[in-house]
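Below are the chains, spelled out letter by letter.
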Amino acid sequence: MHVTAIIAAGGRGARFGGARPKQLLRLGGRPILERSVEAFLRHPRITDLIVAVPADVAAEPPEYLRTAVKPLTVVEGGARRQDSVARAFACLSAATDIVVVHDAARPLVTDAVIARTLDAAAEDGAAIAALPATDTVKRGDERRLIVGTVPRGEIYLAQTPQAFRTAVLREALARGDQEADATDEAALVERTGRPVRLVDGDPRNVKITTADDLDLAERLLGEGVGGPAVSLLRIGTGYDLHRLVEGRLLILGGVVIPFEKGLAGHSDADAVCHAVTDAILGAVAAGDIGRHFPDTDPRWKDADSLALLAHAVDMVSAAGYGVVNVDVVVIAERPKLAPHVDSMRANLARVLGITPAQVGIKGKTNEGVGSVGAGESIAVHAVALLNGVGGHFSRTVE
């Protein structure tokens, strides 16, 4: 089933106040919009995304919208919410079966809420996440005098996501062009006479409308809501291979290792640092070492690869992430690495801002297979775990 997520982020957040749209403010070190988009990028049932943003953001989208791991289209939002959704809907793939609409201002939505809404929409045509009212509900007049009590069992507080079969939302948006404002897509669908199913929302799926809401979201994020197990942890992998040649120092993990040959490369060819650099950059979808430190740039000629790794750490920190741990496998026939592993771990830990206990380095041979097995080259694999600032495992970023 082809599922397209529309992220409604076209408003300016007037009720929040401030010069910047609220969806661009930071929550736990990262933009609110990025967190909302990521919730759908990581969900296995979402095929692609369309994000409706203010005109200035659409003209120059931030990197996290340009380098997404799934197909993502950015469109300019409209004057009303339903106009923004309609503009996004116009970019829909013909293959889309289900459209799920979500407020960018709800960055703590969970996989479970998304899944429940999709299941109900697939079955009934339209569904929204909502919470049953727990307080007694009163109706008041313009003088703020009570004119009645509404049965609490009939009252639900609407959230997003809201999901619809494509044809259902198409009909509702067409009617919305000719009718008064609607605060959500479900209201437009209701006007067509079609039923809309209610599924369990989540009280922690808060909508950030005021500064107090942002404070609440920060506290929830610190408690792990929408956090480490769901949205904050990132894993990246890295790989590097260099030929062994005469006339070069053999440098691995910032340690000069006595040997008759060294690794060929534009920089100091430290394959351990290169693999770790690729791993942490990959974890935040920031490209690879060749993109940031190309071998065509004379600035990086014979460069210290620990310094290149430090640059990568700065990029990761700017994206709101810190390194939790790395694990490295060095594949080489010779020389023996065991005497140098502790020094290599210490060097990497210092640059990554973690302790040596959070750095694993193992040496393996290639059992005589290929150029590595013939002693003509050395290969390195690395895995890095990162966590968003504000999560349980993140390091402090100054």
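This report concerns the structure included in the present document. Not measured: the values here are computed from a predicted model.

**Description of the sheet that holds strand β7 (residues 126-132)**
Next, step 1: The strand order across the open sheet built from seven strands is β5-β4-β1-β6-β10-β7-β11, with neighbouring strands paired in mixed fashion. Taken across any chain shown, the strands that pair with only one partner, and hence form the sheet edges, are β5 (72-76) and β11 (197-200). Across this sheet, the average inter-strand angle for adjacent strands is 25°, counted without regard to direction.
Next, step 2: Pairing of strand β4 (residues 48-53) with β5, which is carried by five bridges, proceeds in the parallel orientation. Following the sheet pairing, Val53 is matched in β5 by Glu76.
Next, step 3: Contacts between helix α1 (residues 32-41) and the sheet are confined to β1 (3-8), β4, β5, β6 (98-103) and β10 (156-165), with β4 contributing the most and set at about 160° to the helix.
Next, step 4: Contacting β1, β4, β5, β6 and β10, helix α4 (residues 81-89) runs over the sheet at an angle of about 145° to β1.

**Topic: the nonpolar core**
Next, step 1: Counting 44 residues, the largest nonpolar core has Leu252, Ile280, Val330, Leu348, Leu352, Ile378 and Leu386 as the members making the most contacts within it.
Next, step 2: Elements supplying a minimum of two residues to this core: β13 (250-252), β14 (255-257), α10 (271-283), α12 (305-318), β16 (321-331), α13 (341-352), β17 (359-364) and β18 (377-388).
Next, step 3: Excluding residues within four positions of it along the chain, Leu348 makes contact with Val272, Cys273, Val276, Leu306, Leu309, Val359 and Ile361.
Next, step 4: Of all hydrophobic cores here, the second largest spans 31 residues; its members include Ile46, Val57, Leu65 and Ala129.

**Describing the packing of α10 against α12**
Next, step 1: α12 packs onto α10 with a crossing angle of 5° between their chain directions and a minimal axis gap of 9 Å. By the angle class used here, α10 and α12 are roughly parallel. On the side of α10, the interface is formed by Cys273, His274, Val276, Thr277, Ile280 and Leu281, while α12 contributes Ser305, Leu306, Leu309, Ala312, Val313, Met315 and Val316.
Next, step 2: A per-class count over the contact of α10 with α12 returns 10 nonpolar, three polar and no charged.

**Details of the side chain of Asn205**
Next, step 1: Structurally, Asn205 is set in the loop between β11 and α8 (211-222).
Next, step 2: Overall, Asn205 belongs to the buried group, its relative accessible area being 1%.
Next, step 3: Looking at Asn205, its side chain comes within polar contact range of the main-chain oxygen of Thr160, at 2.8 Å.
Next, step 4: Ignoring sequence-local partners within four residues, the contact set of Asn205 consists of His102, Arg106, Leu108, Val109, Gln159 and Thr160.

**Considering the packing of α12 against α13**
Next, step 1: Running from amino to carboxyl end, α12 crosses α13 at an angle of 35°, the nearest separation of the two axes being 9 Å. Read as a crossing pair, α12 and α13 show a hand that is right-handed. For the pair α12 and α13, the contacting residues are Leu306, Leu309, Ala310 and Val313 in the first and Asn347, Leu348, Arg350, Val351 and Leu352 in the second.
Next, step 2: Across the contact of α12 with α13, the residue classes tally to seven nonpolar, one polar and one charged.

Each value, and the rule that gives it
Residues numbered from 1 in each chain as written. Predicted model: local features only at pLDDT ≥ 70, side-chain atom pairs only at ≥ 80, totals over all residues. Heavy atoms only, no water. Pairing = 2+ DSSP bridges. Helix = DSSP H or I, 4+ residues; strand = E, 2+ residues; numbered from the N terminus. Axes fitted to C-alpha atoms, helices over the stretch in contact; angles between N-to-C directions. Contact = heavy atoms within 4.5 Å. Core = buried A, V, L, I, M, F, W, Y, C linked by side-chain atoms within 4.5 Å. Buried < 20%, exposed > 50% of the residue type's maximum accessible area, 1.4 Å probe, protein only. Parallel < 35°, antiparallel > 145°, perpendicular 65-115°, else oblique. Nonpolar A, V, L, I, M, F, W, Y, C, P; charged D, E, K, R; others polar. Polar contact = N/O pair within 3.5 Å; in protein donor to acceptor, adjacent residues only side chain to side chain. Left-handed = near helix turned anticlockwise from the far one by under 90°.

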